[in-house]
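Take a look at the letters that make up each chain.
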Amino acid sequence: MDQPTTASVDSGVTVRIRGVMGIPAVIESLGSDPKAVFSRARVDPARFDDPDQSISLAVVGRLLQPAVASTGCEHFGLLVGERGGQSSLGLIGLAVRDSPNVEMALRSLGTYLHLYHGGQVMNLDVGVGDDVATLSYAIHQPGVEAVDQIEDGALAIFFNVMRDLCGADWLPLEVRFAHRRPTSVRPFLDVF
């Protein structure tokens, strides 16, 4: 049922369902029917029964397009990511949790992310002599739809990871996005 379309090529790059597990619940919470959205995207909803099952990154993008259209929510990916955290990262989340400090946790995440969530890269740049670090994230797999939604969700997950590591009061100095400014920035301000 998860067949590639001409707009999104499935090159075998996969992610674990665990990272996008919130998609059906967010669709439903926004008043739409998850089964109808999955049907439009030609994705079997049973794929979401096992959080450790893999799914192509291209299929995730193909699913997010009708989810955004059906719900009318342009920050849909952000809401999915907001439900995630270290547990969304599987075994990598355990390595992050058990790291001796925040820098090592983020370095582990950057080093091993591609093993759990393919087609994506995270980088950590720590400034010399100061307490500021820059965490960057991007999808490097061509042909993936809804990249903005996937990236928004990933940033929300990384935010939650940082809160787990640094405490509930931790806030970033700045969050930048590689897409156009949304109609409303309020949902982003609420999350970050």
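Residues numbered from 1 in each chain as written. Predicted model: local features only at pLDDT ≥ 70, side-chain atom pairs only at ≥ 80, totals over all residues. Heavy atoms only, no water.

**Comments concerning the nonpolar core**
The cut-off we apply is this: Residue types Ala, Val, Leu, Ile, Met, Phe, Trp, Tyr and Cys, when buried and joined through side-chain atoms within 4.5 Å, form a set referred to as a nonpolar core. Under the scheme applied here, a residue whose accessible area is under 20% of the maximum for its type counts as buried, over 50% as exposed, and between as partly exposed, the area being computed with a 1.4 Å probe on protein chains only. Counting from the N terminus, the helices are the DSSP runs of H or I reaching at least four residues and the strands are the DSSP runs of E reaching at least two. Whether two residues touch is decided by their heavy atoms; if any such pair falls within 4.5 Å, the residues are in contact.
Formed by 51 residues in total, the largest nonpolar core has its most connected members in Ile23, Phe76 and Leu109. Top element by residues in this core is helix H7 (residues 147-166). It accounts for 9 residues. Apart from residues lying up to four places away in sequence, Phe76 is in contact with Ile23, Val26, Ile27, Leu30, Leu64, Ala67, Val68, Thr71 and Gln149.

**What about helix H5 (residues 90-97)?**
Helical geometry: 3.6 residues make up each α-helical turn, so side chains three or four residues apart lie on a common side. Where we set the bar: Picture the helix axis, draw a direction to every C-beta atom, and the arc is the one those directions span.
Taken as a whole, H5 has its buried residues at Gly90, Ile92, Gly93 and Val96. Seen along its axis, H5 keeps its buried residues to an arc of 135°; they face one direction. Buried positions along H5 lie against helix H6 (102-116) and H7.

**Description of the pattern of salt bridges**
For clarity, the threshold we go by: Note on definitions: salt bridges are taken to be side-chain nitrogens of Lys or Arg within 4 Å of carboxyl oxygens of Asp or Glu.
One pass over the structure, following the stated rule, counts 6 salt bridges. Asp98 serves as the salt-bridge partner of Arg97, at 3.0 Å between the closest nitrogen and oxygen.

**Focus on the packing of H5 against H6**
Heads up, the condition is: A fitted line through C-alpha atoms serves as each axis, taken over the contacting stretch for helices, and the angle formed by two N-to-C directions is quoted from 0 to 180°. In this scheme, roughly parallel covers angles under 35 degrees and roughly antiparallel covers those over 145, while 65 to 115 is roughly perpendicular and the rest are oblique. Note on residue classes: Ala, Val, Leu, Ile, Met, Phe, Trp, Tyr, Cys and Pro are nonpolar, Asp, Glu, Lys and Arg are charged, and everything else, Gly too, is polar.
Packing of H5 against H6 brings their axes to within 9 Å, and their N-to-C directions diverge by 170°. Comparing the axis directions of H5 and H6 gives the class roughly antiparallel. Contacts from Gly90, Leu91, Ile92 and Val96 in H5 reach Ala105, Leu109, Tyr112, Leu113 and Tyr116 in H6. For the contact of H5 with H6, a count of residues per class yields 8 nonpolar, 1 polar and no charged.

**Description of the confidence of the model for the protein**
The condition is simple: Values of pLDDT, the confidence the predictor places in each residue, fall between 0 and 100.
Scored by pLDDT, the protein comes out at a mean of 89, with 93% of its residues at no less than 70. Of the regions scoring below 50 in pLDDT, residues 1-10 engages in 29 contacts with residues more than four places distant in sequence or in other chains.

**Observations regarding helix H3 (residues 57-71)**
Inclusion rule: Each residue after the first adds 1.5 Å to the expected span of a helix. In the analysis that follows, any N or O atom pair within 3.5 Å is treated as a polar contact, provided that within protein one partner can donate a hydrogen and the other can accept it, and provided that, for residues neighboring in sequence, both atoms belong to side chains.
In this model H3 runs 21 Å from its N-terminal to its C-terminal C-alpha over 15 residues, within 8% of the 21 Å that 1.5 Å per residue would give. Where burial is concerned, most of H3 is hidden: 12 out of the 15 residues are buried. Those residues of H3 that fall on the buried side of the exposure criterion are Leu57, Ala58, Val59, Val60, Gly61, Arg62, Leu63, Leu64, Pro66, Ala67, Val68 and Thr71. Put simply, Ser56 is the residue that caps the front of H3, since its side-chain oxygen is 3.1 Å from the backbone nitrogen of Ala58. Looking one or two residues beyond H3, the residue adopting positive phi is Gly72, at roughly 70°.

**Brief notes about the environment of Ala58**
Mapped onto the elements of the fold, Ala58 is located in helix H3. Since its relative accessible area comes to 4%, Ala58 is described here as buried. Distance from Ala58 to Ala105, taken between C-alpha atoms, is 28 Å for residues 47 residues apart in sequence.

**Details of the packing of aromatic side chains**
As a reminder of what qualifies: Each Phe, Tyr or Trp ring (for Trp, its six-membered ring) is paired with any other whose centre lies within 6.5 Å, and the angle between the two planes then decides the class: stacked below 30 degrees, edge-to-face above 60, tilted in between.
Applying the stated rule across the entire model yields 6 aromatic pairs. A ring pair is formed by Tyr137 and Phe158, whose centres lie 5.5 Å apart and whose planes are at 70°; its orientation type is edge-to-face. Taken together, the residues span a long stretch of sequence, with Tyr137 in strand E4 (residues 133-139) and Phe158 in helix H7 at a distance of 21 residues. Looking at Phe158, the relative accessible area reads 6%, which means it is buried. Geometrically, the ring pair formed by Phe177 and Phe192 is tilted, given 6.0 Å between the ring centres and 55° between the ring planes.

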